[in-house]
Structures are given as C-alpha cells and as structure tokens.
Amino acid sequence: MPHKIAILGAGPSGCYLAQSLLKLDDALEVDIIDRLPVPYGLVRYGVAPDHQGTKGVARQFARLFERQGVTFIGNLDVCTGDHGGEITLAELRELYDVVVLATGLPTDQKLGIEGEELEGVIGSGALTRAWNDHPDSHDLPPAKTGKTVTVIGNGNVAMDIVRILSKGEGEFEGSDFGTHHAERIAAAGIERIEVIGRSPAHMAKFDPVMVKEIGKSARLRFEIADLQLSAGAEADNTRLQALATLAGIAPDDARCTVSFRFGWSPVRLVGAGGKLTSAHFTRADGSEALDLPSDTVITAIGFCDDARLGRADLVAGATDIDSGRLAPGLYAAGWFRRGPRGTIPENRADSQAVAAAIVEDLASLAASDKPGRAALQARFDRLTDYAAWQRIDEHERATVSEGRVRSKLRSRRDMLALALNETETPS
Ligand SMILES: Cc1cc2nc3c(=O)[nH]c(=O)nc-3n(C[C@H](O)[C@H](O)[C@H](O)COP(=O)(O)OP(=O)(O)OC[C@H]3O[C@@H](n4cnc5c(N)ncnc54)[C@H](O)[C@@H]3O)c2cc1C
C-alpha cells in the first residue's frame, strides 16, 4: 500500500509541498486538509483583492486536484486537545504515515505598547481577511476607518493597505474587492494616511514596485519625510528611487495626503472614551518624539502563531527544523516552519526541501497499513472536497457584481450550503 500523507493547510506551502512530493514519488497518496471549506489559504484570504495576477497562482495549484490525484479535504479543523477543533493532531497522526503542518501564521503580531486595545486599532491580518471576505471575519470593523489613518509598518502588507485605502471609487475594476468594502472606504472620506516604520527609508521592507503602484492612484498628494536618515545610502537604492517618484505629486484637487515617515518606533496609543485619538512615536535613541492625531491605527508589523497546534513546543523540540522534521512522521512547512517571511514563490524552495526529507525518511518505512482519508470520511459527514470548491468557485463567478471578477461567499454557512448541496440558497 502506498504511504499516506496528510498536509494540513491548503495554502501555497501545502500546495507546493504536494507538488514536490509527487515529483519525487508519484505513488504517494497525498491529502490536503484545511479548516476552511475552500482551498488556497492567503492566496484567497490575504493577497490584495486588486492583485488578481498574484491570485492567479491558484490555477497552478488546481492542477494538483484536477490532474495529479491529490485529494482536498476541507472543513476539518485540526488542533491540539486543548483548543477545541474537530480532530486532534495526535488522532490525525494515527491515520496517516506522515502529517505535515503547513497551517501558516494567522495572528497579528502585537506592538506591545499601551493603548493597543482601543477602538480604532486594527491588525493588518484581521483587516485584509475582512477585505477578502474570510468567513471568520464578518464582525471585524473595517467600516470604522476614520479620516486620519496611521499605518504602522513599512513592508508589502502595509503597502497593500495604503493602496487600497487610497484608491478612489472606480479604481477597483477587475478585482474581487466587495463593493460594500469599496463603499465603506469611500464613505470614510479618508483625508490623511500616515505610513510610519522603524527602518530608515533605504532599508524599509517594501518592494519598490509596491510604492510606485500607490503613486498611480488619482488625486493623491505625497509627503516623504526623514530621508536624512538615508544620507550616504547608495544612489541606486531602489527604495529611495521609488519614493522619489512620489515626492513631486501634489495635485490641487488632491482628496487625500499620503505621508511616509521613517525611523520612528511606536511608544503609546492614546484615546478618549475608549476610542483612539493619537499615536505616539520616538526615535530609537530617544532624541525626538512625534505625535500623530489618528482615529484609526493599522498595525502591519508581522504575524505569529495562534497556538492551536502547539507550534512553540513542536518547533522547540524539533529534530531538524531546517528540513521540516518536527518528530518522526511529523513535519512543518511554509510560514509555520520558518516564520512569517517571504512571498508565495518563496514557499516553493522551502517545500522542496521538506518533501526531500519526507521521501528520504519514508524509504526506511514499511508499506502503509494506515487508513488515511477513509477514516476521516467515515467519521465526519460535512467535509468538503474539490468538487465542492468548484461549485463555490462557479457560483462566485456567476453572481459577480459589475466591474468585479468574483463575488465571494462571506459565510461558512453559505459556503457549506452550496458545497454540500444542502437546501439553503446562499444569500
Ligand atoms: C495580507 C497578506 C498579503 C500577502 N500578499 C502577498 C502577495 O501579494 N504576493 C505574495 O507573493 N505573497 C503575499 N503574501 C505572503 C504569502 O501569502 C505567504 O508567503 C503564503 O501564503 C504562506 O503560505 P502558507 O501556506 O505557509 O500559509 P497560508 O497561506 O496562511 O495557508 C495556511 C492554510 O492553513 C489552514 N489552516 C490553519 N490552521 C489550520 C488548522 N488548525 N487545521 C486545518 N487547516 C488550518 C488555513 O485555513 C490556510 O488555508 C501575503 C501575506 C499576507 C499576510
């Protein structure tokens, strides 16, 4: 019997891993399991809705399920015994020869400063999930964006957020950004977006292309401060060049000012009556302080574990974390293995290394006597499969609003009704 592999997490690293495993041994039986009824992780629920080209990588992953014999098992929440879920990791390991954790890092990293609990402070993960209509995010408050928004962080996720907030109505053509989100942003009438980070400009984490793209939005004025911190940086520094392309843009009819500031650490968020009013920063050496009036702060400083799979203990006790080996028969891949760094394609090399380790270890393992997916299908009657995802996909494309490429189903209930051919019609 072929060895049975369960990859937990149908995001890019889980999909790349399945690809790599089958390339090394096409007799393996590979299942990709996800807690959501639908596949593709942050491709669907993180990548900005107006970056459809990037989301197109899902077409490549679809070949796994359509042609390469990989089975998608959705709507199954796996976790350690203490965190609810439908099946524990220990139980799943009993059913498969190999289990790989490719569940990403879903939680917003905290600033760790006073005032983070104030109304008006939102994490970038929570906000981008809401904008992407993640089924667990319908009660999040993207509607509450005020007129003065401060985005803390200067990586690509911060740039996605600034671009979306600064787009005007009509600039979301060809995206799958819900019209309800676009209307809320327009209704907020944002007048000023402060983008502020710790690094000097020449060392900021953003991709220069992302900054240039913000400059393409109509009727924005740009202010770039703190470039003196980059004095002496090479003249060909592409980040400085990208900022320079924005520096002169200041149309008379600007509807919003986008200001970039560098070299500031957040020290405190201040509010009145439980609502945010300002964000306070200092230089690393304490030489200067800066107070920014803000009715919304969006933190975009990275992501961490939600503890549901006991990542900290697993990683601490790993036998060889570099090749993804956590324990015999248990592996890690992608962001779960190496932290919240890297783009979608960067998960590919990572997954290739983990696949090589798995296949090497399986060589000394006897033929499989594990039940694999048959045991899951016998125990759970509301699992989704790839055909179920195709029904959801088709529905979302068929019911699309004008100017959009997809209207996502926003609740798990609606997705399951369609996926499982239940009687309720999605709203
Ligand atoms: C907001 C945002 C925007 C981004 N934009 C881009 C971009 O434009 N271009 C780019 O190249 N990269 C982008 N990235 C980075 C890219 O998304 C990551 O490199 C990539 O998604 C990491 O893949 P992953 O498979 O490790 O994790 P994920 O994509 O997070 O996939 C993890 C999967 O595991 C599932 N899961 C979680 N817990 C469980 C559980 N207990 N049981 C079962 N399943 C579970 C989740 O539902 C999810 O489907 C972005 C990241 C973020 C956060």
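Residues numbered from 1 in each chain as written. Predicted model: local features only at pLDDT ≥ 70, side-chain atom pairs only at ≥ 80, totals over all residues.

### Side note on the overall build of the protein
Working step 1: If you tally the helices and strands in the protein, you get 16 helices and 19 strands.
Working step 2: Taken over the C-alpha trace, the protein has a radius of gyration of 23 Å; the compact-globule value for 427 residues is 22 Å, and the two agree within 12%.
Working step 3: Projecting the C-alpha coordinates of the protein onto the three principal axes gives extents of approximately 70 × 50 × 45 Å.
Working step 4: Relative to its 427 residues, the protein shows a buried fraction of 42%.
Working step 5: A fraction of 76% describes how many contacts in the protein between residues 6 or more apart in sequence connect residues 24 or more apart. (Helix = DSSP H or I, 4+ residues; strand = E, 2+ residues; numbered from the N terminus. Rg over C-alpha atoms; globule rule 2.2 N^0.38 Å. Buried ≥ 20, exposed ≤ 12 C-beta atoms within 10 Å, placed from the backbone. Contact = placed C-beta atoms within 7 Å.)

### Quick look at the domain arrangement of the protein
Working step 1: One can read the domain layout of the protein as domain 1 (4–105 + 305–384) and domain 2 (108–302).
Working step 2: A separation of 33 Å is found between the C-alpha centroids of domain 1 and domain 2.
Working step 3: Taken together, the contacts link nine residues of domain 1 with 14 residues of domain 2.
Working step 4: When grouped by side-chain class, the residues that make up the side of domain 1 that touches domain 2 number five nonpolar, two polar and two charged. (Domains from an automatic or database assignment. Nonpolar A, V, L, I, M, F, W, Y, C, P; charged D, E, K, R; others polar.)

### What to know about the site of the ligand
Working step 1: As a structural note, the neighbourhood of the ligand is formed by 36 residues, with Gly9, Gly11, Gly41, Gly104 and Gly334 the closest of them.
Working step 2: Counting residues per element, the ones that place at least two in the shell around the ligand are helix H1 (12–24), helix H2 (41–45), strand E4 (78–79), helix H6 (124–131), helix H7 (156–166) and helix H12 (334–338).
Working step 3: Class assignment of the residues belonging to the shell around the ligand gives a composition of 15 nonpolar, 16 polar and five charged.
Working step 4: If you count residues domain by domain, the shell around the ligand takes at least three from each of domain 1 (4–105 + 305–384) and domain 2 (108–302). (Near = placed C-beta within 6 Å.)

### A closer look at H1
Working step 1: The first and last C-alpha atoms of H1 sit 18 Å apart over 13 residues, in line with the 18 Å expected at 1.5 Å per residue.
Working step 2: Of all the 13 residues making up H1, ten are buried; the element is thus mostly covered by neighbouring parts of the structure.
Working step 3: All buried positions along H1 are accounted for by Pro12, Ser13, Gly14, Cys15, Tyr16, Leu17, Ala18, Gln19, Ser20 and Leu21. (Expected span 1.5 Å × (residues − 1).)

### What about the sheet that holds strand E18 (residues 325–327)?
Working step 1: An order of E3-E2-E1-E6-E19-E18 is seen for the six strands of this open sheet, with the pairing classed as mixed. Each edge of the sheet is formed by a strand with only one pairing partner; in this case those strands are strand E3 (71–73) and E18. Adjacent strand axes in the sheet meet at a mean angle of 25 degrees when their direction is disregarded.
Working step 2: The sheet contact formed by strand E1 (residues 4–8) and strand E2 (residues 29–33) spans five bridges and is parallel. Along E2, the bridge assignment pairs Ala6 with Asp31.
Working step 3: Against the sheet, helix H13 (residues 346–362) contacts strand E6 (98–101), E18 and strand E19 (330–332), and its axis sits at roughly 165 degrees relative to E19. (Pairing = 2+ DSSP bridges. Axes fitted to C-alpha atoms, helices over the stretch in contact; angles between N-to-C directions.)

### Side note on the sheet that holds strand E14 (residues 275–282)
Working step 1: Strand order across the open sheet formed by three strands is E13-E14-E15, with antiparallel pairing between neighbours. Both outer strands of the open sheet, strand E13 (265–272) and strand E15 (289–293), are each paired with one neighbouring strand and no more. Shown here is a sheet whose adjacent strand axes are inclined to one another by a mean of 25 degrees, direction ignored.

### Let's talk about unusual backbone geometry
Working step 1: Located in the positive-phi region is Tyr40, a residue other than glycine, with phi close to 95 degrees.
Working step 2: Take Tyr40: it is sitting in the loop between E2 and H2.
Working step 3: Judged by C-beta crowding, with 23 C-beta atoms within 10 Å, Tyr40 ranks as buried.

### Quick word on the packing of H6 against H7
Working step 1: Put simply, H6 and H7 touch, their axes get as near as 11 Å, and they point 50 degrees apart. In this view, H6 runs oblique relative to H7, as classed from their interaxial angle. Note that H6 runs across H7; the crossing there is left-handed. Contact residues: Ser124, Leu127, Thr128 and Trp131 in H6; Val157, Ala158, Asp160, Ile161 and Ile164 in H7.
Working step 2: Of the residues in the contact of H6 with H7, the class split is six nonpolar, two polar and one charged. (Parallel < 35°, antiparallel > 145°, perpendicular 65-115°, else oblique. Left-handed = near helix turned anticlockwise from the far one by under 90°.)

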